[in-house]
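Fold and geometry: a report
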Amino acid sequence: MRVINLLCQYLIPAFVLFTVVYGFVKKVRVYDSFVSGAKDGIGIIMGIFPYVLAIFIVVKTFEASGAHDFLKRMFSLASGPLQIPPEVFSIAIVKPFSNAASLGIFTEILKTTGADSLGSIAAAVIMGSAETTFYVLAVYLGSIGIKKTKYLVPVCITADIMGIIIAITLVKLMF
Amino acid sequence: MNAIWLLVICISVLFSAVSGRIDEFTKAMFEAGKAAVEVCLYLVGIVSLWLGLTKILEDSGLIYKLSNFFGAAISLLFRNIPKGHPSITSITLNLLANLFGLGNAATPLGIRAMEDLQTLNNRPDEITFEMMLFIVINTSSIQLVPFTVIGLLANYGSSNPNVIILPTLVATFISSATAVGILFLFKKFNRRAG
């Protein structure tokens with residue numbers, strides 16, 4: 001584990017070093033090249049800002065309105081007979097919207113149920129195998145101004161639900 | 001997206017009214033504004049940084065070599081991308097960044113990939129199948145080792161945080177494959193319907 005950790009720490013610095021040195025060898029004016037590439041960054045972000053804002057409004061108000069707690073309670077009713085730790089559902093609902101919020105819930109689960117509980121392990125697997133779907137959608141589509149998304153959103157939602165079912169099933173099978 | 005946005009906002013207003021949290025709705029909305037600015041400001045720095053670095057790679061010609069190297073694998077999935085097109089490289093770089101869990105690098109490279117894919121699009125406001133495929137792979141997560149999660153488990157006294165590596169890897173792999181499968185299913189179904 002330590003070796004992998006170390007490798008990952010060196011990954012980005014090594015990549016940066018390699019990029020500049022390789023550029024220098026190929027007679028690229030690395031500084032000018034970097035600046036001209038970096039110039040586009042702010043324009044791109046200005047373009048995606050309204051999309052990010054729209055997603056954030058939905059996420060924050062949904063949490064604050066109590067609808068999130070209500071959903072959680074509904075799920076804990078359903079999860080009893082299925083023998084799934086109810087906390088897992090909070091992660092599953094929040095992760096597609098916000099990484100920061102799901103990390104918060106994850107640490108909450110770790111604190112209340114202990115790091116070795118089935119709930120913690122299931123939550124950890126979901127954390128690692130799910131992605132912030134709506135954020136990615138907003139940013140990637142916003143960056144090029146796509147308005148007609150055809151069947152992309154239903155596909156992503158179905159895939160997310162399947163992913164969570166797969167994660168929970170796997171954890172129940174393996175532990 | 002329009003329907004989901006509308007629906008969630010209506011639910012939120014309704015719920016906050018019923019549970020007497022209407023104040024908090026307003027507060028949360030303004031907080032969202034602040035949070036969005038913060039995230040975007042943070043992104044400006046990171047995105048510019050990676051765009052600068054990839055520009056060096058581009059000028060030094062390495063990016064074309066990379067795209068030749070990975071082109072074959074990418075072309076297997078993304079059939080409609082012409083050989084040697086820049087989007088092959090940006091897609092490759094984004095997927096590699098995702099695999100290694102470099103979220104900071106993955107987003108800018110993903111935006112880059114979307115821009116490159118857009119150059120192949122005849123109807124700029126409509127999504128192409130290649131874009132959908134790329135987004136679906138991205139949203140189903142393909143990270144090899146979830147370092148943040150393992151770190152947190154260790155912090156909270158897990159007896160062996162590494163036990164989650166294998167199930168996470170398997171879950172990630174199966175769910176990504178399922179996601180791509182679902183996309184192809186929808187494509188088939190959609191074509192028949194249309």
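Residues numbered from 1 in each chain as written. Chains lettered and ligands numbered in written order. Predicted model: local features only at pLDDT ≥ 70, side-chain atom pairs only at ≥ 80, totals over all residues.

**Structural notes on the interface of chain B and chain A**
- Taken together, the 83 residues of chain B in the interface contact 81 residues of chain A.
- Only α1 (2-18), α2 (22-59), α5 (103-118), α6 (129-139), α7 (147-155) and α8 (165-193) of chain B provide two or more residues apiece to the side of chain B that touches chain A.
- In terms of residues, the side of chain B that touches chain A owes the most to one element, α2(B), which gives 25 residues. (Contact = placed C-beta atoms within 7 Å. Helix = DSSP H or I, 4+ residues; strand = E, 2+ residues; numbered from the N terminus.)

**Details of the domain arrangement of chain B**
Residue and element names in this part refer to chain B.
- Taken as a whole, chain B is organised into domain 1 (29-139) and domain 2 (140-189).
- Taken over C-alpha atoms, the centre of domain 1 sits 21 Å from the centre of domain 2.
- Listed per partner, the contact involves eleven residues of domain 1 and twelve residues of domain 2.
- When residues of the side of domain 1 that touches domain 2 are traced back to their parent elements, those giving at least two are α4 (86-99) and α6.
- The greatest single-element share of the side of domain 1 that touches domain 2, amounting to six residues, is contributed by α6.
- In terms of residue class, the side of domain 1 that touches domain 2 is made up of eight nonpolar, three polar and no charged. (Domains from an automatic or database assignment. Nonpolar A, V, L, I, M, F, W, Y, C, P; charged D, E, K, R; others polar.)

**As for α2(B)**
- Compared with the 56 Å implied by 1.5 Å per residue over 38 residues, the 54 Å span of α2(B) between its first and last C-alpha is a close match.
- Looking at the residues trailing α2(B), positive phi occurs at Gly61(B), about 85°. (Expected span 1.5 Å × (residues − 1).)

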